[in-house]
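Residue-level structural notes
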Amino acid sequence: MSVPSSFVRPTTRPDEIHRLLTDVERYNPSNTVLLEDYLARQCANPDSTSNHDLMANLALLKLYQFNPEMLDHDVIRRILAKALISAIPADFNLCLYLLTDEVCKDASIAKLLALRESLERAQFVKFWRDMYDPEDEEEESVVDGIAGFDNGLRRLILAEITATYQKIPLAAVQDMVNLDEEAVLRLAKENGWAVDGSVISLPVKSEVKASVINENV
Amino acid sequence: MYQETYDDEEFVGNIDVVADSYANVDEIEDVDVDDEELLMQAQAGVQSIPEQVRTFLGYLHRNLQNGNVNDLTYNYENQFPKLSEKFYAKASWPEPQYVAALVNDDGLFLILYRELYYRHIYSRLHPSLEVRFRSFENYCDLFNHILNSDGPTDLELPNQWLWDIVDEFIYQFQSFCTHRSRLNKLAEEEVALLKENSQVWSTYSVLNVLYSLIQKSNIAEQLRTQQQGGDVAEVAGEFGVRPLYKMLGYFSIIGLVRVHCMLGDYTLALQTLEGVELGNSRALYTRVMACHVSVYYYVGFAYLMMGRYADATQAFVHILTFVTRTKQYQQRQQVDAANKKVEQMYALLAVAVSLSPVRVDENIHAQLREKYGDQQHKIQRGGEEALDVISELYLFACPKFITPNPPNYELPEVVVEPQAYQLRTFLREARLQLVVPTLRSFLKLYTTMGIDRLSSFLEMEPAELKNQLMVYKQRCRQVKWDGGSDLLSGELVPSTDLDFALEMDMIFIAESRVGRRYADWFIRNANKVQDLVVSLENMQKSVVANAGKPQTPDTVVA
């Protein structure tokens with residue numbers, strides 16, 4: 001099973017950004033504007049196969065590391081939110097390594113870290129609850145301004161479910177993806193799952209069989 | 001920036017020197033009363049240099065001028081350490097201005113001498129802030145000469161020396177960053193000096209040097225052309241075709257990898273190695289053992305931080321096997337110098353293998369068990385203790401992290417600690433990754449198990465267990481390098497041999513085992529028998545030849 005690598009140049013990356021990333025220009029502080037614009041375009045794009053350019057975002061974080069006066073917390077929030085739903089779980093951490101304690105104390109970033117905690121531990125119910133907390137005073141959710149976030153997230157959760165489960169109660173899926181029954185049934189139909197009463201059967205995985213790896217002589 | 005009032009006990013002499021101008025003992029035109037004393041002290045200083053050292057310096061100077069790289073290698077790798085040990089084990093080498101008198105003030109020689117002189121202070125003594133500043137200036141002089149002269153310099157140095165220059169340059173940079181971040185230990189004058197001279201040892205200047213060396217030598221194009229089998233001399237350019245520039249450019253690539261890791265940018269570190277073929281036994285980094293070890297250390301470390309434990313393990317095992325096998329063929333001090341990194345890598349390997357169990361080569365496995373067997377057990381048991389052990393190993397083995405900017409001198413209470421931050425971020429990953437070995441040890445024992453049973457074994461709620469099983473699934477898939485030139489690429493593959501599926505509340509477990517490998521054993525033994533047969537036949541032939549007796553036709557073999 002191969003997943004598009006976060007490090008291969010995405011087809012949607014414009015040439016000027018690519019040049020920037022492979023050159024000494026990446027250290028030039030005036031390029032933060034270019035990279036921030038690029039991030040905004042990524043956030044506006046709801047198509048999750050083409051809207052995350054990790055290398056470009058890491059370059060932006062590095063510029064912030066070298067020029068802390070240019071640091072924009074909102075930009076960081078969006079970069080982290082995008083990394084949160086990336087198919088490769090290590091992406092989020094790679095972004096974190098370029099930050100500092102100070103930055104992490106910012107309210108929205110701290111909240112993202114906490115959300116990530118629940119997501120990583122597959123505590124999906126808790127995640128949805130905390131993310132869209134009705135008691136939250138902030139008017140915007142911490143993942144605001146990111147097109148396709150919910151869908152990207154659901155795709156991630158579904159991938160985990162299909163990897164782990166062979167049969168799972170319908171209600172459990174509803175809780176995990178935060179959708180009502182009808183929406184889940186629609187999802188099941190789309191993915192070709194068999195629904196039997198209140199139990200969903202996921203496609204049989206052929207790898208789950210005891211096998212002995214022998215060498216070819 | 002002149003430190004006339006700066007009290008510095010470590011300086012061997014007591015002369016009030018102004019940076020960049022070293023009094024030449026022979027030319028004393030503008031002498032006034034103060035300088036008289038200066039002159040006397042200078043003469044005394046020159047006299048105090050032991051005969052052996054004077055001879056050594058003479059040879060060094062001559063070899064440098066004539067470009068005798070082989071002799072220089074002997075001077076540098078044998079004589080210099082021996083003399084350091086004998087005369088200067090606890091002191092610094094003679095001051096550069098005294099040595100100037102011995103070599104007729106040869107500017108280039110003095111720059112190189114000063115590099116050695118400061119390097120010695122850093123390794124045996126404690127460098128003062130003034131020493132740090134001076135050393136930086138010296139490096140600027142050196143790199144200016146190499147990069148900004150009107151054309152390539154004629155200088156030629158042995159590879160080990162070139163590597164040591166780059167290595168030490170980065171080490172002093174890191175040492176400086178660490179020193180200035182300890183605001184509460186700095187004296188007021190020091191803080192004032194640091195504020196005034198923010199360009200000294202600045203991150204940008206260090207990066208500038210490394211990138212300039214890389215660009216000047218066209219090393220990236222050279223490596224690419226070499227891989228494709230083209231004519232390297234064509235793309236090398238005027239500077240890059242000379243070994244000094246080529247090797248400095250190459251070592252700067254490795255140096256950059258180190259700097260990126262120190263700043264926490266692991267992806268850029270691996271990206272920088274594009275073109276450096278890892279696994280190629282004739283790659284340039286194999287020429288200097290310390291460089292070879294360094295490359296693999298930083299690659300392995302970067303993979304470890306990225307959560308690619310299998311790749312990290314592979315890198316560490318590769319270099320550790322190499323070091324063990326070639327130890328007897330390497331020079332003593334090279335082995336010693338690499339030793340610290342080797343120990344650190346065993347520690348990191350212990351962490352990687354405990355977090356993501358894989359089979360490793362027998363020898364390495366034995367060494368690992370001997371050094372860190374206890375720690376590995378503790379990690380696999382999980383819980384808080386596991387994290388403590390991981391922290392301990394990590395802090396022993398990680399590079400010294402730095403921040404690119406000077407601290408805020410006005411706010412000494414705000415302490416930025418990149419070391420602690422990186423550790424904490426890594427630990428969060430590790431804590432989750434620990435789910436794999438702990439669950440695996442239970443799942444290994446069964447082919448089917450109920451959720452309730454397992455949750456009671458692990459003492460957690462069934463709902464929580466289901467979450468953990470999902471985490472296990474996610475974590476047992478890693479990106480694994482496919483051996484190409486791009487170290488960042490790779491395929492997502494399962495990294496453990498244990499797989500399972502959940503049906504409602506029942507877990508079905510499948511384990512894939514590696515079958516007995518008989519091919520290798522048969523091949524080896526078949527070869528042995530073959531050798532035996534051949535040697536017997538040869539013995540028979542020689543008996544026949546020596547006997548000289550008439551033989552029956554069928555034993556006379558051609």
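Residues numbered from 1 in each chain as written. Chains lettered and ligands numbered in written order. Predicted model: local features only at pLDDT ≥ 70, side-chain atom pairs only at ≥ 80, totals over all residues. Heavy atoms only, no water.

Between chain A and chain B, the contact holds 60 residues from the first and 59 residues from the second. Taking both partners together, chain A and chain B bury about 5300 Å²; carbon and sulfur atoms supply 57% of that area. At the junction of chain A and chain B, the tally comes to 5 salt bridges. Between Arg428 of chain B and Glu117 of chain A there is a salt bridge, with its nearest N and O atoms 3.0 Å apart. Looking at side-chain class alone, the side of chain A that touches chain B contains 34 nonpolar, 12 polar and 14 charged residues. Alignment of strand E1 (residues 165–169) of chain A against strand E4 (residues 498–503) of chain B, held across 2 bridges, turns out to be parallel. Looking at the pairing, Lys167 of chain A lines up with Glu503 of chain B of E4 of chain B. (Contact = heavy atoms within 4.5 Å. Buried area = accessible area lost by both parts, 1.4 Å probe. Salt bridge = Lys/Arg side-chain N within 4 Å of Asp/Glu carboxyl O. Nonpolar A, V, L, I, M, F, W, Y, C, P; charged D, E, K, R; others polar. Pairing = 2+ DSSP bridges. Helix = DSSP H or I, 4+ residues; strand = E, 2+ residues; numbered from the N terminus.)

Quick look at unusual backbone geometry now. Across residues other than glycine, the phi torsion is negative in most instances, and most of the peptide bonds are trans. A positive phi angle, close to 60 degrees, is found at Ala122 of chain A, a residue other than glycine. Mapping Ala122 of chain A onto the fold places it in the loop between helix H7 (107–120) and helix H8 (124–131). One non-glycine residue with positive phi stands out, namely Asp105 of chain B, at about 55 degrees. Following the sequence through the fold, Asp105 of chain B ends up in the loop between helix H4 (96–102) and helix H5 (107–124).

A word on the pattern of salt bridges. Overall, the coordinates contain 21 salt bridges over all chains when judged by the stated rule. Notably, a salt bridge pairs Asp74 of chain A with Arg78 of chain A, separated by 3.4 Å at the nearest N-O pair. In this pair, Asp74 of chain A and Arg78 of chain A both sit in helix H4 (residues 73–84), 4 residues apart, roughly one turn of the helix. A salt bridge links Glu343 of chain B to Lys371 of chain B; its shortest N-O distance comes to 3.2 Å. A residue pair is termed long-range when its members are at least 10 positions apart, and Glu343 of chain B in helix H16 (residues 332–355) and Lys371 of chain B in helix H17 (residues 362–381) qualify at 28 residues. Judged by its relative accessible area of 26%, Glu343 of chain B falls in the partly exposed class. (Buried < 20%, exposed > 50% of the residue type's maximum accessible area, 1.4 Å probe, protein only.)

Residue and element names in this part refer to chain B. A cluster of nonpolar side chains, contributed by Leu411, Val414 and Val416, occupies part of the molecular surface with about 210 Å² of accessible area. Considering the arrangement of structural elements, one finds Leu411 in the loop between helix H18 (383–397) and helix H19 (418–433). Of the residues examined, Leu411 reaches a relative accessible area of 38% and is grouped as partly exposed. (Patch = residues over 30% accessible without salt bridge, like charges linked within 9 Å, V, L, I, M, F, W, Y side chains within 5 Å. Areas by Shrake-Rupley, 256 points an atom, 1.4 Å probe, with all protein chains shown as cover.)

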